[in-house]
Amino acid sequence: HSKSVLARSAVHRVIVHMDLDCFYAQVEMIRNPELRDKPLGVQQKNCVVTSNYEARKLGVKKLMSLKDAKEKCPQLVLVNGEDLTPYREMSYKVTELLGEFCPLVERLGLDENFVDITEMVEKRLKQLQQSACSRVSVSGHVYNNQAINLHDTRHVRLILGSQIAEELREAVYTRLGLTGCAGVAANKLLSKLVSGTFKPNQQTVLLPESHPDLIRSLDHIQKVPGIGYKTAKRLETLGIRNVCDLQAFPSAALEKELGAAVAQRIQKLSCGEDESPVTPWGPPQSFSDEDSFKKCSSEVEVKEKIEELLPNLLDRIHKDGRQPHTVRLTIRQFSSTDKWFNRESRQCPIPPHLIQKFGKESNDILSPLVDILLKLFRKMIDVHLPFHLTLLSVCFSNLKDLPRSKKGSIGFYLKQMSPPSGSGKRARELEDVSQEEGNASWNQNCNRTGTTKSRKLLEEKKSQLKKAGIPDCPFHLPPGAIDLQVFRELPADIQQEIISEKT
(Lines give C-alpha, C1' and ligand atoms only; values in the text may rest on other atoms or scores of the structure.)
Protein backbone atom coordinates (compact mmCIF):
# COMPACT_ATOMS: atom_id res chain seq x y z
CA HIS A 1 0.00 0.00 0.00
CA SER A 2 2.78 2.47 0.94
CA LYS A 3 4.54 1.76 -2.36
CA SER A 4 1.41 2.57 -4.35
CA VAL A 5 0.97 5.83 -2.40
CA LEU A 6 4.58 6.73 -3.18
CA ALA A 7 4.04 5.90 -6.84
CA ARG A 8 0.94 8.09 -7.05
CA SER A 9 2.64 11.00 -5.28
CA ALA A 10 5.70 10.68 -7.55
CA VAL A 11 3.47 11.02 -10.64
CA HIS A 12 1.99 14.26 -9.31
CA ARG A 13 5.22 15.86 -8.10
CA VAL A 14 6.34 19.21 -9.44
CA ILE A 15 10.07 19.90 -9.09
CA VAL A 16 11.98 23.06 -9.98
CA HIS A 17 15.68 22.91 -10.78
CA MET A 18 17.28 26.34 -10.45
CA ASP A 19 20.70 26.95 -11.98
CA LEU A 20 22.32 30.35 -11.47
CA ASP A 21 23.89 31.98 -14.52
CA CYS A 22 27.73 32.15 -14.62
CA PHE A 23 27.62 32.14 -10.82
CA TYR A 24 31.20 33.09 -9.90
CA ALA A 25 31.17 35.91 -12.46
CA GLN A 26 27.84 37.24 -11.17
CA VAL A 27 29.16 37.28 -7.59
CA GLU A 28 32.23 39.24 -8.74
CA MET A 29 30.04 41.74 -10.61
CA ILE A 30 27.90 42.24 -7.48
CA ARG A 31 31.06 42.79 -5.42
CA ASN A 32 32.40 45.24 -8.01
CA PRO A 33 29.60 46.78 -10.16
CA GLU A 34 32.19 48.44 -12.46
CA LEU A 35 32.80 45.00 -13.99
CA ARG A 36 29.17 44.58 -15.03
CA ASP A 37 29.44 45.70 -18.67
CA LYS A 38 32.95 44.41 -19.28
CA PRO A 39 34.04 40.98 -20.52
CA LEU A 40 34.93 39.23 -17.27
CA GLY A 41 36.70 35.95 -16.56
CA VAL A 42 37.13 34.26 -13.19
CA GLN A 43 40.61 32.78 -12.98
CA GLN A 44 41.79 29.77 -11.01
CA LYS A 45 45.41 28.83 -11.62
CA ASN A 46 46.05 28.94 -15.35
CA CYS A 47 42.52 28.73 -16.67
CA VAL A 48 39.24 30.64 -16.82
CA VAL A 49 36.76 28.58 -14.79
CA THR A 50 33.81 30.74 -15.85
CA SER A 51 33.07 34.04 -17.58
CA ASN A 52 30.18 36.42 -17.96
CA TYR A 53 28.08 36.52 -21.11
CA GLU A 54 29.93 39.59 -22.44
CA ALA A 55 33.10 37.47 -22.54
CA ARG A 56 31.30 34.43 -23.94
CA LYS A 57 30.02 36.48 -26.88
CA LEU A 58 33.67 37.22 -27.71
CA GLY A 59 34.68 33.53 -27.69
CA VAL A 60 35.80 32.91 -24.10
CA LYS A 61 34.78 29.41 -22.99
CA LYS A 62 34.65 27.53 -19.71
CA LEU A 63 38.00 26.02 -18.61
CA MET A 64 39.85 27.83 -21.40
CA SER A 65 43.53 28.51 -20.72
CA LEU A 66 44.44 32.10 -19.82
CA LYS A 67 46.60 32.34 -22.93
CA ASP A 68 43.81 31.25 -25.29
CA ALA A 69 41.25 33.43 -23.50
CA LYS A 70 43.44 36.53 -23.85
CA GLU A 71 44.02 35.76 -27.53
CA LYS A 72 40.28 35.46 -28.12
CA CYS A 73 39.46 38.51 -26.04
CA PRO A 74 42.40 40.91 -25.41
CA GLN A 75 40.16 43.23 -23.33
CA LEU A 76 39.17 40.38 -20.96
CA VAL A 77 39.21 41.45 -17.29
CA LEU A 78 40.43 38.65 -15.01
CA VAL A 79 39.50 38.25 -11.35
CA ASN A 80 41.16 35.69 -9.09
CA GLY A 81 38.56 33.20 -7.91
CA GLU A 82 40.69 30.76 -5.93
CA ASP A 83 39.17 31.85 -2.61
CA LEU A 84 35.69 30.29 -2.71
CA THR A 85 34.47 32.05 0.45
CA PRO A 86 32.36 34.78 -1.26
CA TYR A 87 30.79 32.19 -3.57
CA ARG A 88 29.92 29.87 -0.67
CA GLU A 89 28.38 32.74 1.29
CA MET A 90 26.21 33.83 -1.64
CA SER A 91 25.28 30.22 -2.37
CA TYR A 92 23.91 29.74 1.14
CA LYS A 93 21.95 32.99 0.86
CA VAL A 94 20.24 31.67 -2.27
CA THR A 95 19.29 28.37 -0.62
CA GLU A 96 18.04 30.15 2.51
CA LEU A 97 15.93 32.50 0.39
CA LEU A 98 14.36 29.61 -1.54
CA GLY A 99 13.67 27.97 1.82
CA GLU A 100 11.47 30.93 2.77
CA PHE A 101 9.06 29.89 0.02
CA CYS A 102 9.26 26.14 0.45
CA PRO A 103 10.90 23.89 3.07
CA LEU A 104 11.96 21.23 0.54
CA VAL A 105 15.12 22.74 -0.95
CA GLU A 106 18.15 20.63 -1.88
CA ARG A 107 21.52 22.12 -2.72
CA LEU A 108 23.47 20.76 -5.66
CA GLY A 109 26.91 22.32 -5.72
CA LEU A 110 27.22 26.06 -5.15
CA ASP A 111 25.01 27.30 -7.98
CA GLU A 112 22.14 24.78 -8.25
CA ASN A 113 19.11 23.96 -6.12
CA PHE A 114 16.17 21.58 -6.40
CA VAL A 115 12.86 22.82 -4.97
CA ASP A 116 9.89 20.50 -4.47
CA ILE A 117 6.93 22.83 -4.96
CA THR A 118 4.27 20.08 -5.08
CA GLU A 119 2.36 21.36 -2.03
CA MET A 120 2.37 24.94 -3.31
CA VAL A 121 1.05 23.72 -6.66
CA GLU A 122 -1.71 21.65 -5.04
CA LYS A 123 -2.93 24.67 -3.05
CA ARG A 124 -3.04 26.82 -6.19
CA LEU A 125 -4.76 24.05 -8.13
CA LYS A 126 -7.45 23.84 -5.44
CA GLN A 127 -7.92 27.63 -5.52
CA LEU A 128 -8.13 27.51 -9.33
CA GLN A 129 -10.78 24.80 -9.23
CA GLN A 130 -12.80 26.61 -6.57
CA SER A 131 -12.75 29.86 -8.57
CA ALA A 132 -14.02 27.99 -11.65
CA CYS A 133 -11.41 29.83 -13.69
CA SER A 134 -10.50 28.04 -16.91
CA ARG A 135 -7.69 30.35 -17.98
CA VAL A 136 -4.14 29.79 -16.76
CA SER A 137 -1.01 30.86 -18.61
CA VAL A 138 2.46 29.37 -18.68
CA SER A 139 5.52 31.36 -17.55
CA GLY A 140 8.54 30.96 -19.79
CA HIS A 141 8.99 28.33 -22.49
CA VAL A 142 7.36 24.96 -23.06
CA TYR A 143 9.84 22.31 -24.19
CA ASN A 144 9.38 21.46 -27.88
CA ASN A 145 6.57 24.08 -28.01
CA GLN A 146 4.20 21.29 -27.07
CA ALA A 147 0.53 22.19 -26.99
CA ILE A 148 -0.96 22.60 -23.51
CA ASN A 149 -4.09 20.69 -22.61
CA LEU A 150 -5.96 22.51 -19.84
CA HIS A 151 -8.18 19.45 -19.34
CA ASP A 152 -5.12 17.42 -18.27
CA THR A 153 -4.41 18.15 -14.59
CA ARG A 154 -0.77 17.05 -15.11
CA HIS A 155 -0.36 19.93 -17.56
CA VAL A 156 -2.15 22.37 -15.27
CA ARG A 157 0.04 21.40 -12.31
CA LEU A 158 3.21 22.00 -14.35
CA ILE A 159 1.90 25.34 -15.67
CA LEU A 160 1.22 26.45 -12.08
CA GLY A 161 4.74 25.21 -11.28
CA SER A 162 6.14 27.44 -14.02
CA GLN A 163 4.47 30.46 -12.38
CA ILE A 164 5.99 29.57 -9.00
CA ALA A 165 9.41 29.05 -10.63
CA GLU A 166 9.21 32.56 -12.10
CA GLU A 167 8.36 33.95 -8.65
CA LEU A 168 11.38 32.17 -7.15
CA ARG A 169 13.71 33.53 -9.84
CA GLU A 170 12.27 37.02 -9.39
CA ALA A 171 12.84 36.85 -5.62
CA VAL A 172 16.46 35.75 -6.05
CA TYR A 173 17.07 38.62 -8.48
CA THR A 174 15.26 41.26 -6.41
CA ARG A 175 16.82 40.29 -3.07
CA LEU A 176 20.29 39.10 -4.13
CA GLY A 177 20.85 40.51 -7.62
CA LEU A 178 21.37 37.09 -9.22
CA THR A 179 19.79 35.75 -12.40
CA GLY A 180 19.30 32.09 -13.17
CA CYS A 181 17.59 29.49 -15.33
CA ALA A 182 14.92 27.09 -14.15
CA GLY A 183 13.44 23.81 -15.29
CA VAL A 184 9.99 22.61 -14.20
CA ALA A 185 9.17 18.91 -14.48
CA ALA A 186 7.77 15.89 -12.67
CA ASN A 187 11.07 14.76 -11.10
CA LYS A 188 14.60 15.91 -10.29
CA LEU A 189 16.25 14.27 -13.30
CA LEU A 190 13.94 15.82 -15.89
CA SER A 191 13.89 19.26 -14.23
CA LYS A 192 17.69 19.37 -14.28
CA LEU A 193 17.88 18.24 -17.90
CA VAL A 194 15.32 20.78 -19.13
CA SER A 195 16.53 23.79 -17.10
CA GLY A 196 19.34 24.64 -19.51
CA THR A 197 17.24 24.56 -22.67
CA PHE A 198 17.04 28.35 -22.85
CA LYS A 199 19.86 30.47 -21.40
CA PRO A 200 20.56 32.85 -19.72
CA ASN A 201 17.89 34.00 -17.27
CA GLN A 202 15.03 31.95 -18.74
CA GLN A 203 12.96 28.94 -17.79
CA THR A 204 11.39 25.91 -19.44
CA VAL A 205 8.55 23.60 -18.44
CA LEU A 206 8.55 19.95 -19.56
CA LEU A 207 5.18 18.30 -20.22
CA PRO A 208 4.91 14.50 -19.81
CA GLU A 209 4.54 13.75 -23.53
CA SER A 210 7.92 15.37 -24.23
CA HIS A 211 9.92 13.23 -21.74
CA PRO A 212 11.14 10.77 -24.42
CA ASP A 213 12.24 13.56 -26.78
CA LEU A 214 14.27 15.26 -24.06
CA ILE A 215 15.98 12.02 -23.00
CA ARG A 216 16.77 11.01 -26.60
CA SER A 217 18.29 14.43 -27.27
CA LEU A 218 21.26 13.57 -25.01
CA ASP A 219 24.14 12.78 -27.35
CA HIS A 220 26.14 10.74 -24.81
CA ILE A 221 25.23 8.43 -21.95
CA GLN A 222 27.29 10.51 -19.51
CA LYS A 223 24.95 13.45 -20.08
CA VAL A 224 22.41 11.61 -17.92
CA PRO A 225 22.75 12.99 -14.35
CA GLY A 226 23.61 10.08 -12.09
CA ILE A 227 25.78 8.24 -14.63
CA GLY A 228 29.39 9.12 -13.91
CA TYR A 229 32.61 8.75 -15.83
CA LYS A 230 33.55 5.27 -14.60
CA THR A 231 30.06 3.82 -15.13
CA ALA A 232 29.96 5.36 -18.63
CA LYS A 233 33.31 3.71 -19.44
CA ARG A 234 31.99 0.31 -18.33
CA LEU A 235 28.84 0.83 -20.40
CA GLU A 236 30.94 1.67 -23.45
CA THR A 237 32.70 -1.70 -23.18
CA LEU A 238 29.21 -3.24 -23.51
CA GLY A 239 28.55 -1.18 -26.62
CA ILE A 240 26.28 1.30 -24.82
CA ARG A 241 27.05 4.84 -25.93
CA ASN A 242 23.74 6.67 -25.86
CA VAL A 243 20.42 6.63 -24.08
CA CYS A 244 18.68 4.52 -26.72
CA ASP A 245 21.41 1.86 -26.39
CA LEU A 246 20.89 1.74 -22.63
CA GLN A 247 17.10 1.57 -22.90
CA ALA A 248 17.31 -1.36 -25.31
CA PHE A 249 20.05 -3.31 -23.53
CA PRO A 250 18.88 -6.58 -21.90
CA SER A 251 18.31 -6.00 -18.19
CA ALA A 252 19.70 -9.37 -17.13
CA ALA A 253 23.00 -8.78 -18.93
CA LEU A 254 23.30 -5.29 -17.47
CA GLU A 255 22.62 -6.57 -13.94
CA LYS A 256 25.29 -9.24 -14.39
CA GLU A 257 27.84 -6.58 -15.32
CA LEU A 258 26.92 -3.80 -12.85
CA GLY A 259 24.86 -5.49 -10.15
CA ALA A 260 21.09 -5.38 -9.84
CA ALA A 261 20.78 -2.09 -7.92
CA VAL A 262 23.00 0.00 -10.23
CA ALA A 263 21.66 -1.58 -13.41
CA GLN A 264 18.02 -0.99 -12.47
CA ARG A 265 18.71 2.57 -11.35
CA ILE A 266 20.50 3.69 -14.53
CA GLN A 267 17.99 1.98 -16.83
CA LYS A 268 15.22 3.87 -15.04
CA LEU A 269 17.21 7.10 -15.46
CA SER A 270 17.60 6.39 -19.17
CA CYS A 271 13.79 6.32 -19.41
CA GLY A 272 13.43 9.59 -17.47
CA GLU A 273 12.28 7.86 -14.28
CA ASP A 274 13.57 9.27 -11.01
CA GLU A 275 11.76 8.76 -7.71
CA SER A 276 14.50 10.29 -5.55
CA PRO A 277 13.10 12.88 -3.12
CA VAL A 278 14.23 16.46 -2.75
CA THR A 279 16.23 16.25 0.46
CA PRO A 280 16.27 19.51 2.46
CA TRP A 281 19.76 20.84 2.93
CA GLY A 282 21.34 20.80 6.35
CA PRO A 283 24.83 21.38 7.70
CA PRO A 284 27.52 20.20 5.25
CA GLN A 285 28.46 16.53 5.55
CA SER A 286 32.13 17.27 4.91
CA PHE A 287 34.63 20.07 4.35
CA SER A 288 37.05 19.78 1.46
CA ASP A 289 39.40 21.88 -0.58
CA GLU A 290 41.63 21.04 -3.52
CA ASP A 291 44.42 22.48 -5.58
CA SER A 292 45.12 21.67 -9.22
CA PHE A 293 48.42 22.39 -10.96
CA LYS A 294 50.48 21.42 -13.96
CA LYS A 295 53.00 19.33 -12.06
CA CYS A 296 53.92 18.28 -8.54
CA SER A 297 56.67 15.67 -8.44
CA SER A 298 58.35 15.71 -5.01
CA GLU A 299 57.27 14.94 -1.47
CA VAL A 300 58.42 18.40 -0.39
CA GLU A 301 56.01 19.98 -2.90
CA VAL A 302 53.20 17.71 -1.73
CA LYS A 303 53.81 18.80 1.87
CA GLU A 304 53.73 22.46 0.82
CA LYS A 305 50.45 21.97 -1.08
CA ILE A 306 48.85 20.26 1.95
CA GLU A 307 50.07 23.05 4.25
CA GLU A 308 48.47 25.60 1.91
CA LEU A 309 45.10 23.80 1.91
CA LEU A 310 44.74 23.14 5.64
CA PRO A 311 44.41 26.64 7.23
CA ASN A 312 41.29 27.59 5.25
CA LEU A 313 39.75 24.17 5.93
CA LEU A 314 40.43 24.40 9.65
CA ASP A 315 38.91 27.88 9.73
CA ARG A 316 35.70 26.60 8.07
CA ILE A 317 35.51 23.69 10.53
CA HIS A 318 36.02 26.10 13.45
CA LYS A 319 33.14 28.30 12.24
CA ASP A 320 30.92 25.23 11.79
CA GLY A 321 31.47 24.15 15.40
CA ARG A 322 31.53 20.38 14.83
CA GLN A 323 34.50 18.04 15.00
CA PRO A 324 35.54 15.82 12.08
CA HIS A 325 36.48 12.21 12.81
CA THR A 326 37.81 11.18 9.37
CA VAL A 327 40.33 12.72 7.00
CA ARG A 328 40.77 11.83 3.33
CA LEU A 329 43.50 12.68 0.82
CA THR A 330 42.79 12.51 -2.91
CA ILE A 331 45.40 12.75 -5.63
CA ARG A 332 45.24 12.88 -9.41
CA GLN A 333 48.17 11.51 -11.35
CA PHE A 334 48.97 12.85 -14.80
CA SER A 335 47.50 10.81 -17.62
CA SER A 336 47.44 11.71 -21.29
CA THR A 337 44.21 9.74 -21.77
CA ASP A 338 42.17 10.36 -18.59
CA LYS A 339 43.04 14.00 -17.93
CA TRP A 340 40.30 14.74 -15.38
CA PHE A 341 39.28 11.42 -13.88
CA ASN A 342 42.43 9.54 -12.88
CA ARG A 343 41.90 10.03 -9.13
CA GLU A 344 42.82 7.89 -6.14
CA SER A 345 41.96 8.39 -2.45
CA ARG A 346 42.93 7.12 1.00
CA GLN A 347 41.32 7.97 4.31
CA CYS A 348 41.77 7.19 8.00
CA PRO A 349 40.23 8.04 11.38
CA ILE A 350 41.55 11.15 13.11
CA PRO A 351 43.22 10.22 16.44
CA PRO A 352 41.04 11.16 19.45
CA HIS A 353 43.67 13.48 20.96
CA LEU A 354 43.65 15.52 17.72
CA ILE A 355 39.86 15.61 17.45
CA GLN A 356 39.76 17.52 20.75
CA LYS A 357 41.98 20.24 19.26
CA PHE A 358 39.63 21.17 16.39
CA GLY A 359 38.17 24.60 17.02
CA LYS A 360 41.16 25.73 19.06
CA GLU A 361 44.48 27.20 17.91
CA SER A 362 45.08 25.73 14.44
CA ASN A 363 48.86 25.86 14.91
CA ASP A 364 48.69 23.00 17.43
CA ILE A 365 46.89 20.72 15.01
CA LEU A 366 48.46 21.71 11.69
CA SER A 367 51.72 19.76 11.97
CA PRO A 368 50.23 16.41 13.11
CA LEU A 369 47.55 16.63 10.40
CA VAL A 370 50.23 17.19 7.76
CA ASP A 371 52.03 14.08 9.04
CA ILE A 372 48.83 12.01 8.81
CA LEU A 373 48.12 13.22 5.28
CA LEU A 374 51.68 12.47 4.17
CA LYS A 375 51.29 8.92 5.49
CA LEU A 376 48.13 8.57 3.39
CA PHE A 377 50.03 9.96 0.43
CA ARG A 378 52.79 7.36 0.81
CA LYS A 379 50.17 4.61 0.74
CA MET A 380 49.30 5.69 -2.80
CA ILE A 381 52.66 6.81 -4.14
CA ASP A 382 56.11 5.27 -3.87
CA VAL A 383 58.12 8.43 -3.23
CA HIS A 384 61.33 6.68 -4.29
CA LEU A 385 60.01 6.47 -7.86
CA PRO A 386 59.19 9.37 -10.21
CA PHE A 387 55.60 10.65 -10.01
CA HIS A 388 53.59 13.44 -11.61
CA LEU A 389 50.54 14.81 -9.78
CA THR A 390 48.10 17.38 -11.15
CA LEU A 391 45.73 17.65 -8.18
CA LEU A 392 45.63 17.31 -4.39
CA SER A 393 42.43 17.37 -2.32
CA VAL A 394 41.93 17.21 1.45
CA CYS A 395 38.54 16.32 2.92
CA PHE A 396 37.36 16.18 6.55
CA SER A 397 34.18 14.16 7.11
CA ASN A 398 32.21 12.19 9.70
CA LEU A 399 31.36 15.46 11.47
CA LYS A 400 29.96 15.21 14.99
CA ASP A 401 28.71 17.72 17.53
CA LEU A 402 30.97 18.57 20.44
CA PRO A 403 30.35 16.56 23.63
CA ARG A 404 27.91 18.52 25.81
CA SER A 405 30.01 18.49 28.96
CA LYS A 406 32.98 20.84 28.73
CA LYS A 407 33.25 20.21 24.97
CA GLY A 408 35.34 17.08 25.39
CA SER A 409 37.54 18.36 28.20
CA ILE A 410 38.92 16.22 31.00
CA GLY A 411 36.18 17.63 33.22
CA PHE A 412 33.76 15.32 31.41
CA TYR A 413 35.23 12.47 33.42
CA LEU A 414 35.12 14.21 36.79
CA LYS A 415 32.19 14.22 39.19
CA GLN A 416 30.62 17.48 40.27
CA MET A 417 32.27 18.85 43.41
CA SER A 418 28.99 19.16 45.29
CA PRO A 419 26.35 16.55 44.45
CA PRO A 420 22.75 17.76 44.35
CA SER A 421 20.79 17.63 47.59
CA GLY A 422 18.31 14.79 48.04
CA SER A 423 18.14 11.25 49.25
CA GLY A 424 21.18 9.05 49.33
CA LYS A 425 19.53 6.83 46.74
CA ARG A 426 19.20 9.76 44.28
CA ALA A 427 22.84 10.72 44.81
CA ARG A 428 23.94 7.13 44.15
CA GLU A 429 21.81 7.02 40.97
CA LEU A 430 23.52 10.16 39.68
CA GLU A 431 26.90 8.70 40.52
CA ASP A 432 26.10 5.46 38.70
CA VAL A 433 25.05 7.36 35.57
CA SER A 434 28.24 9.42 35.70
CA GLN A 435 30.36 6.31 36.00
CA GLU A 436 28.59 4.51 33.17
CA GLU A 437 29.00 7.47 30.81
CA GLY A 438 32.64 7.90 31.69
CA ASN A 439 33.47 4.24 31.23
CA ALA A 440 31.55 4.05 27.97
CA SER A 441 33.56 6.94 26.59
CA TRP A 442 36.90 5.36 27.22
CA ASN A 443 36.29 1.63 27.28
CA GLN A 444 33.15 0.05 25.87
CA ASN A 445 34.21 -3.33 27.24
CA CYS A 446 34.58 -2.28 30.88
CA ASN A 447 32.72 -4.72 33.14
CA ARG A 448 31.53 -3.02 36.33
CA THR A 449 30.29 -6.18 38.10
CA GLY A 450 33.72 -7.09 39.40
CA THR A 451 34.47 -10.23 37.38
CA THR A 452 37.81 -12.01 37.66
CA LYS A 453 38.84 -10.61 34.29
CA SER A 454 38.07 -7.00 35.28
CA ARG A 455 39.87 -7.40 38.62
CA LYS A 456 42.91 -8.74 36.76
CA LEU A 457 42.84 -5.74 34.40
CA LEU A 458 42.54 -3.41 37.39
CA GLU A 459 45.58 -4.99 39.05
CA GLU A 460 47.55 -4.55 35.82
CA LYS A 461 46.43 -0.92 35.71
CA LYS A 462 47.56 -0.35 39.30
CA SER A 463 50.96 -1.82 38.45
CA GLN A 464 51.29 0.54 35.45
CA LEU A 465 50.32 3.52 37.59
CA LYS A 466 52.97 2.70 40.20
CA LYS A 467 55.64 2.41 37.49
CA ALA A 468 54.52 5.80 36.15
CA GLY A 469 54.74 7.32 39.62
CA ILE A 470 50.99 7.97 39.88
CA PRO A 471 49.24 6.92 43.10
CA ASP A 472 46.36 4.46 42.82
CA CYS A 473 44.16 7.00 44.55
CA PRO A 474 45.03 10.70 44.37
CA PHE A 475 44.67 10.98 48.15
CA HIS A 476 45.40 14.70 48.21
CA LEU A 477 42.17 15.44 46.26
CA PRO A 478 38.84 15.83 48.08
CA PRO A 479 36.87 12.55 47.93
CA GLY A 480 34.01 14.11 45.96
CA ALA A 481 36.27 15.79 43.39
CA ILE A 482 36.79 12.80 41.16
CA ASP A 483 35.16 9.53 40.19
CA LEU A 484 37.87 7.04 41.15
CA GLN A 485 36.60 4.23 38.99
CA VAL A 486 36.62 6.47 35.93
CA PHE A 487 39.97 7.92 36.99
CA ARG A 488 41.53 4.45 37.05
CA GLU A 489 40.34 3.79 33.49
CA LEU A 490 41.99 6.92 32.09
CA PRO A 491 45.32 6.76 30.26
CA ALA A 492 48.31 7.49 32.51
CA ASP A 493 49.12 10.84 30.83
CA ILE A 494 45.55 12.08 31.33
CA GLN A 495 45.63 10.99 34.98
CA GLN A 496 48.86 12.91 35.51
CA GLU A 497 47.31 15.98 33.87
CA ILE A 498 44.27 15.82 36.17
CA ILE A 499 46.45 15.53 39.26
CA SER A 500 48.64 18.44 38.19
CA GLU A 501 45.56 20.60 37.57
CA LYS A 502 44.04 19.78 40.97
CA THR A 503 47.21 20.31 43.04
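This structure is a prediction, so every number in the text was calculated from the model and none was measured. (Residues numbered from 1 in each chain as written. Predicted model: local features only at pLDDT ≥ 70, side-chain atom pairs only at ≥ 80, totals over all residues. Heavy atoms only, no water.)

### Concerning the sheet that holds strand β3 (residues 47-51)
- Reading across from one edge, β4-β3-β2-β5 is the order of the four strands in this open sheet, with mixed pairing throughout. Two strands lie at the open edges of the sheet, namely β4 (64-65) and β5 (77-80), each paired on one side alone.
- Pairing of β3 with β4 involves two bridges; the strand directions are antiparallel. In the strand pairing of β4, Val48 is matched with Met64.
- In the packing of helix α2 (residues 23-31) onto the sheet, contacts are made with β2 (40-44), β3 and β5, and the angle to β2 comes to roughly 110°. (Pairing = 2+ DSSP bridges. Helix = DSSP H or I, 4+ residues; strand = E, 2+ residues; numbered from the N terminus. Contact = heavy atoms within 4.5 Å. Axes fitted to C-alpha atoms, helices over the stretch in contact; angles between N-to-C directions.)

### A short note on the confidence of the model for the protein chain
- Averaged over every residue, the pLDDT of the protein chain is 82; the share at 70 or more is 76%.
- For residues 405-458, every residue scores under 50 in pLDDT, and the model assigns this stretch 54 contacts once sequence neighbours within four places are set aside.
- Here residues 470-481 is modelled with pLDDT under 50, and outside its nearest four sequence neighbours on either side it reaches 25 contacts, counting other chains as well. (pLDDT = per-residue confidence, 0-100.)

### Thoughts on the sheet that holds strand β12 (residues 323-333)
- Ordered by their spatial adjacency, four strands build an open sheet running β11-β14-β12-β13, and the pairing between neighbours is antiparallel. With partners counted over all chains shown, the strands left at the sheet margins are β11 (286-296) and β13 (343-349), one partner each. Each neighbouring strand pair of the sheet contributes to a mean axis angle of 15°, computed without reference to strand direction.
- Relative to the sheet, helix α14 (residues 299-320) contacts β11, β12 and β14 (389-400), its axis offset from that of β11 by approximately 160°.

### Comments concerning the environment of Lys57
- Note on placement: Lys57 falls in helix α3 (residues 53-57).
- For Lys57, a relative accessible area of 66% gives the class exposed. (Buried < 20%, exposed > 50% of the residue type's maximum accessible area, 1.4 Å probe, protein only.)

### A short note on the packing of α2 against helix α5 (residues 85-101)
- At their nearest, the axes of α2 and α5 sit 10 Å apart, and the two run at 95° to each other. It follows from the interaxial angle that α2 and α5 lie roughly perpendicular. Across the interface between the two elements, Phe23, Tyr24, Val27, Glu28, Ile30 and Arg31 of α2 pack against Pro86, Tyr87, Met90 and Ser91 of α5.
- Here the contact of α2 with α5 is composed, by residue class, of seven nonpolar, one polar and two charged. (Parallel < 35°, antiparallel > 145°, perpendicular 65-115°, else oblique. Nonpolar A, V, L, I, M, F, W, Y, C, P; charged D, E, K, R; others polar.)

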